[in-house]
Amino acid sequence: DEWDLDRSARELIAARQCMLGANDAGCGKSATANRASALYAEGNPVAEGPASIVCTPGNFLAQRWMRDAPSSVQSMTYDSHFGIRTKDGSNKFGGQPRIFDELWSASAGNLMKLFKFMKRNPDILVIATGDPRQLPNPSMRWEQDMTNRAIAMMFPVKFVMPEIKRQGTESKRYQEHADAY
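Residues numbered from 1 in each chain as written. Predicted model: local features only at pLDDT ≥ 70, side-chain atom pairs only at ≥ 80, totals over all residues. Heavy atoms only, no water.

1. Some words on the sheet that holds strand β3 (residues 73–77)
Spatially, β3-β2-β4-β5-β1-β6 is the arrangement adopted by the six strands of the open sheet, whose pairing is parallel. Looking at the sheet topology across the chains shown, the edges are occupied by β3 and β6 (158–160). In this sheet, adjacent strand axes meet at a mean angle of 20° when their direction is disregarded. Alignment of strand β2 (residues 52–56) against β3, held across five bridges, turns out to be parallel. The residue of β3 that forms the bridge with V54 is S75. Strand contacts of helix α1 (residues 5–15): β1 (17–21), β5 (126–130) and β6, with the helix running at about 140° to β1, the strand carrying the most contacts. (Pairing = 2+ DSSP bridges. Helix = DSSP H or I, 4+ residues; strand = E, 2+ residues; numbered from the N terminus. Axes fitted to C-alpha atoms, helices over the stretch in contact; angles between N-to-C directions. Contact = heavy atoms within 4.5 Å.)

2. Remarks on helix α3 (residues 59–68)
Listed as buried for α3 are L61, A62 and W65. Projected down its long axis, α3 shows its buried positions confined to an angular sector of 105°, all on one face. Turned more than 90 degrees away from the buried face of α3 sit N59, F60, M66 and R67, all of them exposed. Residues of α3 that are buried in the fold lie against α2 (29–43), β2, β3 and β4 (98–100). (Buried < 20%, exposed > 50% of the residue type's maximum accessible area, 1.4 Å probe, protein only. Arc of directions from axis to C-beta.)

3. Some remarks on the packing of aromatic side chains
Taken as a whole and assessed by the stated rule, the structure comprises three aromatic pairs. On the basis of an interplanar angle of 70° and a centroid distance of 6.5 Å, the ring pair of F82 and F117 is categorised as edge-to-face. With F82 in helix α4 (residues 78–83) and F117 in helix α5 (residues 108–120), this residue pair connects regions lying 35 residues apart in the sequence. Residue classification places F82 among the buried positions, given a relative accessible area of 8%. F117 sits in the buried class, given a relative accessible area of 3%. (Phe/Tyr/Trp six-rings, centres within 6.5 Å; stacked < 30°, edge-to-face > 60°.)

4. Section: the pattern of salt bridges
Counted according to the given criterion, the structure contains four salt bridges. Measuring nitrogen to oxygen at the nearest pair gives 2.6 Å for the salt bridge that ties R35 to D6. Note that R35 is positioned in helix α2 and D6 in helix α1, a separation of 29 residues in sequence. Under the relative-accessibility criterion, R35 is labelled partly exposed at 25%. Two residues, R7 and E11, come together in a salt bridge whose shortest N-O distance is 3.7 Å. One end of the pair is R7 and the other is E11, both in helix α1 and four residues apart, which spans about a single turn. (Salt bridge = Lys/Arg side-chain N within 4 Å of Asp/Glu carboxyl O.)

5. Let's talk about the packing of α5 against helix α6 (residues 144–154)
One way to put it is that α5 packs onto α6 with a least axis distance of 11 Å and a crossing angle of 10°. Here α5 is positioned roughly parallel relative to α6, judged by the angle of their axes. Between α5 and α6, the residues in contact are L111, L114, F115 and M118 and T147, I151 and M154, respectively. Grouping the constituent residues of the contact of α5 with α6 by class yields six nonpolar, one polar and no charged. (Parallel < 35°, antiparallel > 145°, perpendicular 65-115°, else oblique. Nonpolar A, V, L, I, M, F, W, Y, C, P; charged D, E, K, R; others polar.)

6. Some details on the side chain of R98
Tracing the chain through its elements places R98 in strand β4. Buried and without a salt bridge, R98 has D123 as its closest oppositely charged side chain, separated by 12 Å. A distance of 3.0 Å separates polar atoms of two side chains, one belonging to R98 and the other to H81. (Lys, Arg positive; Asp, Glu negative; His and termini not counted. Polar contact = N/O pair within 3.5 Å; in protein donor to acceptor, adjacent residues only side chain to side chain.)

See the structure below:
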């Protein structure tokens, strides 16, 4: 039941590294991923730093996450996340859960960095969100089907959310449509 946010979040946590997709905006991908990250952080607190990290393809979306997400969530761009290193070459952050929002907008280089990050850190909760019909990244030189195959290989576990939640329940949408005509 995709309307049960906590149940959906627990399924994402159980999958560990998964893709949460939809064909349309407004299906609740980011909200569900954020809830999963928060539930995971409650059960697995970290000593330092943010409770969870959200990575986005661009600054505008990162700023929107900063504005709308709880203060325990740190948002940054993909480039910032993969560029932050300590002197020993490890990532600055520990085992905090990661949400990679709008993954189909990521560049080929960032997809490869994410793949390597997941291989090096199999115990970190990684949830990617996105929809394959969104506009492609302008710097992406791959064809869309290559991007789809790469993401499918990286995330063999995929959850699909078919209903648009911003429009309410199906009966409410039907009534609004009937009232309009």
